Amino acid sequence: MSYDVDLFVIGGGSGGVRAARIAATHGAKVMLAEEYRMGGTCVIRGCVPKKLMVYASQYHEHFEDAAGFGWTVGPATFDWPTFIAAKDKEIGRLEGIYASNLAKAGVEIVSQRATITGPNSVRLADGRTVTAKLILVATGAAPSMDSTLPGSELTISSNEVFHLAKQPKRIVIAGGGYIAVEFAGVFAGLGSEVTLVYRGAKILRGFDEDLRDHLMAEYARKGIRLIMNETFSAIEKTADGLAVRFRNGHETIVADQVLMAIGRRPNTKGLGLEAAGVALGRNGEIAVDTDSRTNAPSIYAVGDVTDRVNLTPVAIREGHAFADSLFGGKSWTADHATIPTAVFSEPEIGTVGLTEEQARLTGRAVDVYKATFRPMKNTISGRESRMLMKLLVDGETDKVLGVHICGPDAGEMIQLVGIAVKIGATKAQFDATMAVHPTAAEELVTMRTPSAKYARSAVN
């Protein structure tokens, strides 16, 4: 059967763009539809603009710390509109690069919505029907909002937060994951009064307990108010701002903005997946196998829409594996094990491998190495913020099972440490590596005495 294209990609985010470009370089005829802006969540309203905001938020501490090193810095002020304009200019530049790279590879871009109408066909918003040998869905995810909450229409999500006309002087953030934690640090750094509300006992569920405790202590030190085991009951507009009321008895808090960062849901609604019989999971995600294939043989999906590991580099790797396997004659799959990741909180977190709880649940013997200290810069600046470094080691094989860091440049460190953990390095090999002095990272190769040792145990 003859088709209009070899591959039709729905979604111009990280996974879709990589898959389209690689497939085209392998000689495939590719069309990609994106109804909003090229680059997807990461580039347009996610990782990239968020990291720029993190950078902006760090300067106030840099100015303060400079005094301890002999610098005299005059009164510093932050102008939100100036920063937002600079951020938008950079995002526009990156968006142009994405589109340009696709065009150079020979991908045809259609800037409109595409809906699946069958196993091998899609309908564009302008009414055209395009047939394709294969269809790849890479539509990502969107912020979850609680429509049952009275006053929910008064709140914003992580989409709108990047485009506020002015900086909120008071902000309440709901959630305890990456997005909530990162924006709490950003707005606190920019001088806003921040309250973080989470339904659980600690932020960052699933992370190592020491990391969670350490960051919560650092946030409290920075003046971020943490309200745990609590949820909203209603939000009302008043003359003084938005009044946030709670279910479990905390007093009403008045803020200028309320950011809902309570999770994200796969973007599958209205895609026409049912027309091709594509199966969805209980959270609306597209169910796929290890090759990213759905139950419909001609339809694949990558990235957050599959709700596997929702990180930009993972989507890119999945898209690349798909294109190489289906069009390049090089069959491989994205490995979802031992993925290093960072939380751009302040201080930031870098983590790879097992948490202490996960390691002990395997039943193996576990040695724990842990250090907390003031980074060298803080000794002269007078800042009290401390750094945490933690290694988890198999007590019998000596293999490093996990590395957890909270402190300056943790994200940069964990990228490199992730290589060692991925290839199965041992604690002895860490110890045999010469330290780079003076750095904070040298602690990773100089810890010699375990802070705790756990014997092998039976696994239930």
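Just so it is clear, the model here is predicted, and its values are computed rather than measured. (Residues numbered from 1 in each chain as written. Predicted model: local features only at pLDDT ≥ 70, side-chain atom pairs only at ≥ 80, totals over all residues. Heavy atoms only, no water.)

Caption draft 1: Quick peek at the packing of aromatic side chains. The full count for this structure, using the stated rule, is 9 aromatic pairs. A centroid spacing of 5.8 Å and a plane angle of 65° characterise the contact between Phe-232 and Phe-246, whose relative ring orientation is edge-to-face. Of this pair, Phe-232 sits in strand β11 (residues 232–238) while Phe-246 sits in strand β12 (residues 241–246); the two residues are 14 residues apart in sequence, bridging distant segments of the chain. With a relative accessible area of 5%, Phe-232 lands in the buried category. Owing to a relative accessible area of 8%, Phe-246 belongs among the buried residues under this scheme. Linked through ring pairs, Trp-80, Phe-162, Phe-183 and Phe-187 together constitute an aromatic cluster. Over the ring of Tyr-454 we find Arg-360, and its NZ or CZ is 3.6 Å from the ring centre. A cation sits over an aromatic face here: Lys-427 above Tyr-369, 4.4 Å from the ring centre. (Phe/Tyr/Trp six-rings, centres within 6.5 Å; stacked < 30°, edge-to-face > 60°. Helix = DSSP H or I, 4+ residues; strand = E, 2+ residues; numbered from the N terminus. Buried < 20%, exposed > 50% of the residue type's maximum accessible area, 1.4 Å probe, protein only. Lys NZ or Arg CZ within 6 Å of the ring centre and 35° of its normal.)

Caption draft 2: Layout of the sheet that holds strand β17 (residues 341–343). Spatially, β17-β18-β21-β20-β19-β22 is the arrangement adopted by the 6 strands of the open sheet, whose pairing is antiparallel. Here the strands that pair on one side only, and so sit at the sheet edges, are β17 and β22 (452–454). Looking at each pair of strands side by side, their axes are set apart by 15° on average, direction ignored. Note that β17 and strand β18 (residues 349–353) share 3 bridges and pair antiparallel. When the bridges of β18 are listed, Thr-341 appears paired with Thr-351. (Pairing = 2+ DSSP bridges. Axes fitted to C-alpha atoms, helices over the stretch in contact; angles between N-to-C directions.)

Caption draft 3: Examining the packing of helix α1 (residues 14–25) against helix α4 (residues 80–105) more closely. The contact between α1 and α4 brings their axes to 8 Å, and the two run at 25°. Viewed along their axes, α1 and α4 adopt a mutual orientation that is roughly parallel. In this structure, α1 crosses over α4, and the sense of that crossing is left-handed. Of the residues in α4, those in contact with Ser-14, Val-17, Ala-20, Arg-21, Ala-24 and Thr-25 of α1 are Tyr-98, Asn-101, Leu-102 and Ala-105. For the contact of α1 with α4, the per-class residue count stands at 6 nonpolar, 3 polar and 1 charged. (Parallel < 35°, antiparallel > 145°, perpendicular 65-115°, else oblique. Left-handed = near helix turned anticlockwise from the far one by under 90°. Contact = heavy atoms within 4.5 Å. Nonpolar A, V, L, I, M, F, W, Y, C, P; charged D, E, K, R; others polar.)

Caption draft 4: Quick look at the pairing of β11. Relative to β12, β11 is paired through 6 bridges, and the arrangement is antiparallel. Each bridged residue has a counterpart across the sheet, and for Ala-234 the counterpart in β12 is Arg-245. In this structure, the hairpin formed by β11 and β12 is closed by a connection of 2 residues.

Caption draft 5: Helix α10 (residues 410–422), seen in detail. Counted at 1.5 Å a residue, the expected span for α10 with its 13 residues is 18 Å, and the 17 Å between its end C-alpha atoms agrees. Taking the largest bend as the criterion, α10 deviates by roughly 30°, centred on Leu-416. Taken together, the buried positions of α10 are occupied by Ala-410, Gly-411, Met-413, Ile-414, Val-417, Gly-418, Ala-420 and Val-421. Looking at the packing, one finds that the buried side of α10 touches β17, β18, β20 (387–394), β21 (400–406) and α11 (427–432). In the segment just after α10, Gly-424 is the residue with positive phi, at about 85°. (Expected span 1.5 Å × (residues − 1). Bend = angle between axes of the 7 residues up to and from the residue.)

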